[in-house]
Amino acid sequence: MKKLIVLLSSIVFLSLSIQSISPAGATDLNLIGPGARIHGADISRWQHPDGKPINFQKMHDAGLSFVMIKASDTRDDADLLAAKYLKMDRTGAQEAGIYTGFYHYALLPDVTSPSAIARDARIQGQKVVWRIASLGGYNEMDLPIALDLENNCVRVSLTRVCKKYATRSAATLWAKTFLKTVKEKTGRTPFIYSSPHFLENSLVRDKELSTYPLWIAQYAIDPAKEGAKPNVKAAGCFVHSWTTAQCSANWTVWQYTSCGIAPKYGVPGNRLDLNVFAGTPEKFQSLLTGTWLPDPADFMPQGETTTMAITSVFASTTNKNAVISVEVKRPDNSPVVTGSVKYYFNSTNQVVPKVTQTIARETSGSWKLSIAGLPAGTWTGNVGFKDASGTHAEIKQPLVLTIEQGPTPPPTPTKKPSAKPATDSCRNQIKN
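Residues numbered from 1 in each chain as written. Predicted model: local features only at pLDDT ≥ 70, side-chain atom pairs only at ≥ 80, totals over all residues. Heavy atoms only, no water.

As recorded in an unreviewed UniProt entry, the chain goes by the name Lysozyme, listed as coming from Candidatus Planktophila dulcis.

An ideal rise of 1.5 Å per residue puts 28 Å on 20 residues; helix α3 (residues 76-95) measures up with 29 Å between its terminal C-alpha atoms. The largest bend along α3 measures about 35° and falls at Leu-86. The set of residues buried in α3 consists of Ala-78, Asp-79, Ala-82, Tyr-85, Leu-86, Asp-89, Arg-90, Ala-93 and Gln-94. The inward-facing, buried residues of α3 abut β1 (39-43), α2 (56-61), β2 (66-73), β3 (99-105), α4 (114-134) and β4 (142-148). Following α3 by one or two positions, Gly-97 has its phi on the positive side, about 90°. (Helix = DSSP H or I, 4+ residues; strand = E, 2+ residues; numbered from the N terminus. Expected span 1.5 Å × (residues − 1). Bend = angle between axes of the 7 residues up to and from the residue. Buried < 20%, exposed > 50% of the residue type's maximum accessible area, 1.4 Å probe, protein only. Contact = heavy atoms within 4.5 Å.)

Here we come to the pairing of strand β15 (residues 366-372). Of all the seven residues making up β15, five are buried; the element is thus mostly covered by neighbouring parts of the structure. As paired elements, strand β14 (residues 356-363) and β15 share seven bridges and run antiparallel to each other. In the strand pairing of β15, Ala-360 is matched with Lys-368. Between β14 and β15, which follow one another and run antiparallel, lie two residues, and Gly-365 among them has a positive phi close to 75°. (Pairing = 2+ DSSP bridges.)

This part is about the sheet that holds β14. The four strands are arranged β11-β12-β15-β14 in an open sheet whose pairing can be described as antiparallel. For this open sheet the edge positions go to β11 (307-314) and β14, each flanked by a neighbour on one side alone. The mean angle between the axes of side-by-side strands here comes to 20°, regardless of whether they run parallel or antiparallel. (Axes fitted to C-alpha atoms, helices over the stretch in contact; angles between N-to-C directions.)

Glancing now at the confidence of the model for the chain. Scored by pLDDT, the chain has a mean of 91; 93% of the residues are at 70 or more. Every residue in residues 1-22 scores below 50 in pLDDT, and together they form seven contacts with partners more than four places removed in sequence or on other chains. (pLDDT = per-residue confidence, 0-100.)

For the largest pocket, the calculated volume is near 1,300 Å³. Lining the largest pocket are 41 residues, and of these Val-156, Arg-160, Ile-359, Ala-360 and Arg-361 lie nearest its centre. At the level of secondary structure, the elements contributing two or more residues to the lining of the largest pocket comprise α3, α4, β5 (153-156), β14 and β15. Tallied by class, the residues present in the lining of the largest pocket amount to 14 nonpolar, 15 polar and twelve charged. (1 Å grid on protein atoms, 1.4 Å probe; cavity = no way out; pocket = protein on both sides within 12 Å on 5 of 7 lines; lining within 4 Å. Points joined across faces, edges and corners; volume = space filled by probe spheres on them. Nonpolar A, V, L, I, M, F, W, Y, C, P; charged D, E, K, R; others polar.)

Structural data, given as structure tokens:
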């Protein structure tokens, strides 16, 4: 009888042990975060000052169960930095028993045609698919990727002031097309990340949009307090696609602070974004279902052939910028996903003028290149496309610019930059 009791005890113990590590490698989803919720963080290259690694075991031991990792970005320079740490962070987190998710930071195109807006969304969705494919697809410890949509500025001045914003309908069409593209390709329903202010003021209320899980960002509300919830404002609540009849938000993840105590969680630096999950461990587990293994065609190509079209050129006098519109396409005639353009002066010119080149992205694979400071004369050179990621092949097209002498502009008075008062961006935020 004693042997039977011991045997039964061993079976029960083994059963509990198996439950505590499902899926493989993961630990329990403990409700030990603020408000008795599952606790998590999100990270990017900013959590790697001077290239320092994150101690994910310390993060796990401090009670974090999931981490959202920046995986990609519309901007090529930021995208390369995201890719630099992605695999290392995902592997480190999962080996420590932490579930991982991802996000793509998006910039909207400077176009008005619905077809062009949707095309850009599909192209950025392709970048995301390539990035997930580079990880080998989704595994049992991966949450779906999130669309980070918090910026609807589509055109900025030289002083970095926004000159044009996307309309609500344009931003909504772009978001729905992107999310649908990623969902259809990977079989996982992506999240959308934003603030309630952006959701209310920059997107249209839309039933299809509301079917995607919301990762909401709102600070200065303590989720540990009874009844605390995001989506509130001074009078009432923010109204958007996820607002319920009770004036709350149907949120799945809540980023409640950007001022978490980074060293406490094994993160170099001072600050860390912290999040809580809205539901039960069972609801969390339901987001992990469905792995996606990429086919060979899902991987980012290398040195893919490109074609270039210079669609318009404006070059007149020295007091005006030369402006060149350029489109670069892939073999299937779709826009390139990564890369940028520049004007290169030939060595046959008597001198190489000192100019300032500014690139404005209109949509994927389409740019306006503005050249300031061109002296009078005829300048020979090439418009060149380069892709630092090596995805698309370089290409050049010759272009001669003829500039006539224009009126000399009056000298610009120099202004002393006024000292801005120091601000504490963590004021009123939760410092967990």
